[in-house]
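Working through the structure, step by step
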Amino acid sequence: PGLDYWLGTDIFGRDVLTKVIHGTQVAMSVGLFTSLIAIPIGVFLGAISGYFGGLIDEVIVWFYTTLSSIPAIMLIISISLIMGKGLVAVYIALGTTSWVNLCRLIRGEVMKHKNREYVQAAQAIGGGDFRKLFKHILPNIFHIIIINTSLQFQIAIKSEVILSFLGIGVQNQPSWGTMIDDAKLELVGRGVWWQLAGATIAMFVIVLAFNILGDALRDALDPKLKGK
């Protein structure tokens, strides 16, 4: 490390700071696209499960219970290996396995709201099931979706780092996971620590930022906490 290269260079002479910045871009894209896949699945399945109940509810609950019983990282690794290595496989693997908690939360909130007065009023003026569900109930529990989205980002980022570290994630571009994997050899063989430090500090800062954002959103949007 020096004035020319603030975080030094790796064994091939590449600027570590530039790799950290590109790794941040990869991490944010993984968080964004994972959320775009997982949030709609979790909201839709949770909403129809909680509202309609009966057989629909039993099937959806059975499905996400079965999915959640499988260790998450093993399921993600399996999907990534089936689809092949690469960033798109990471998007799909994380997006199709990380909607369960949101689905469970939305289901419980919809069950709690569907018999309240404002929903009965909507029914009295002729509102159909989907109108009551998507126009009246979901806007009243939208704070849960926003909070979960902020939490989804950090989970996706940590999962991407693990996959890339294991060699089945991001390929042919900088990633915090591949940087940590490369740095372990440099650290043992040459005592070079700055690539490992750059990747871990960047991941720590981003995950901490999303944790703080999630707490702030919960305090600002959760109606149970507004009155305190």
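Heads up: these notes are all about the structure in this document. It should be emphasised that the depicted structure is a prediction, and the values quoted were computed from it without experimental measurement.

Before going further, it helps to examine the overall build of the chain. Per the secondary structure count, the chain includes 11 helices and zero strands. Listed by position from the N terminus, the elements making up the chain come as α-α-α-α-α-α-α-α-α-α-α. Viewed in the frame of its principal axes, the chain has a C-alpha envelope of about 75 × 40 × 25 Å. Each of the 228 residues in the chain was classed as buried or not, and the buried ones make up 44%. Accessible area for the chain stands at about 12200 Å²; split by element, carbon and sulfur atoms hold 67% of it.

A few words on the packing of helix α3 (residues 72–83) against helix α4 (residues 87–95). One way to put it is that α3 packs onto α4 with a least axis distance of 9 Å and a crossing angle of 140°. In terms of crossing hand, the pair formed by α3 and α4 is right-handed. Between α3, through I76, I79, S80 and M83, and α4, the contact on the second element is made entirely by A89, I92, A93 and L94. When grouped by side-chain class, the residues that make up the contact of α3 with α4 number seven nonpolar, one polar and no charged.

Our next topic: the nonpolar core. Counting 38 residues, the largest nonpolar core has V30, W99, I106, V110 and L133 as its most contacted members. Among the secondary structure elements, those contributing two or more residues to this core are α1 (16–52), α2 (54–69), α3, α4, α5 (100–113), α7 (129–140) and α8 (142–165). By residue number, the principal contributor to this core is α1, which donates nine residues. Discounting chain neighbours no more than four positions away, the residues touching L133 are A47, I48, Y51, V110 and L138.

Moving on: the side chain of S159. Turning to its location among the elements, S159 is positioned in helix α8. Beyond its immediate chain neighbours, meaning those up to four positions away, S159 contacts I76 and L94.

Moving on to a nonpolar patch on the surface. Taken together, the side chains of F44, F52, I56, F130 and F134 make up a nonpolar region of the molecular surface, amounting to roughly 450 Å² of accessible area. Tracing the sequence through the fold places F134 in helix α7. Given the relative accessible area of 33%, F134 is considered partly exposed.

With that settled, consider the packing of α3 against α8. A pair of packed helices is characterised by two quantities: the angle between their axes and the separation of those axes. Contact geometry of α3 with α8 gives a least axis separation of 11 Å together with a crossing angle of 60°. Put simply, α3 runs oblique to α8. In this structure, α3 crosses over α8, and the sense of that crossing is right-handed. Where α3 abuts α8, its residues I73, I76, I77 and S80 lie against S159, I162 and L163. Grouping the constituent residues of the contact of α3 with α8 by class yields five nonpolar, two polar and no charged.

Attention shifts here to α7. An ideal rise of 1.5 Å per residue puts 16 Å on 12 residues; α7 measures up with 16 Å between its terminal C-alpha atoms. Taken as a whole, α7 has its buried residues at K132, L133, I137 and L138. Projected onto a plane normal to the axis of α7, the buried residues spread over an arc of 135° and lie on a single side.

As a further point, take the pattern of salt bridges. Applying the stated criterion across every chain, the model contains three salt bridges. Residue K112 pairs with E109 through a salt bridge whose shortest N-O separation is 3.3 Å. Here E109 and K112 lie together in helix α5, a separation of three residues that amounts to about one turn. We classify K112 as partly exposed; its relative accessible area is 35%.

Rules used throughout
- Residues numbered from 1 in each chain as written.
- Predicted model: local features only at pLDDT ≥ 70, side-chain atom pairs only at ≥ 80, totals over all residues.
- Heavy atoms only, no water.
- Helix = DSSP H or I, 4+ residues; strand = E, 2+ residues; numbered from the N terminus.
- Buried < 20%, exposed > 50% of the residue type's maximum accessible area, 1.4 Å probe, protein only.
- Areas by Shrake-Rupley, 256 points an atom, 1.4 Å probe, with all protein chains shown as cover.
- Axes fitted to C-alpha atoms, helices over the stretch in contact; angles between N-to-C directions.
- Left-handed = near helix turned anticlockwise from the far one by under 90°.
- Contact = heavy atoms within 4.5 Å.
- Nonpolar A, V, L, I, M, F, W, Y, C, P; charged D, E, K, R; others polar.
- Core = buried A, V, L, I, M, F, W, Y, C linked by side-chain atoms within 4.5 Å.
- Patch = residues over 30% accessible without salt bridge, like charges linked within 9 Å, V, L, I, M, F, W, Y side chains within 5 Å.
- Salt bridge = Lys/Arg side-chain N within 4 Å of Asp/Glu carboxyl O.
- Parallel < 35°, antiparallel > 145°, perpendicular 65-115°, else oblique.
- Expected span 1.5 Å × (residues − 1).
- Arc of directions from axis to C-beta.

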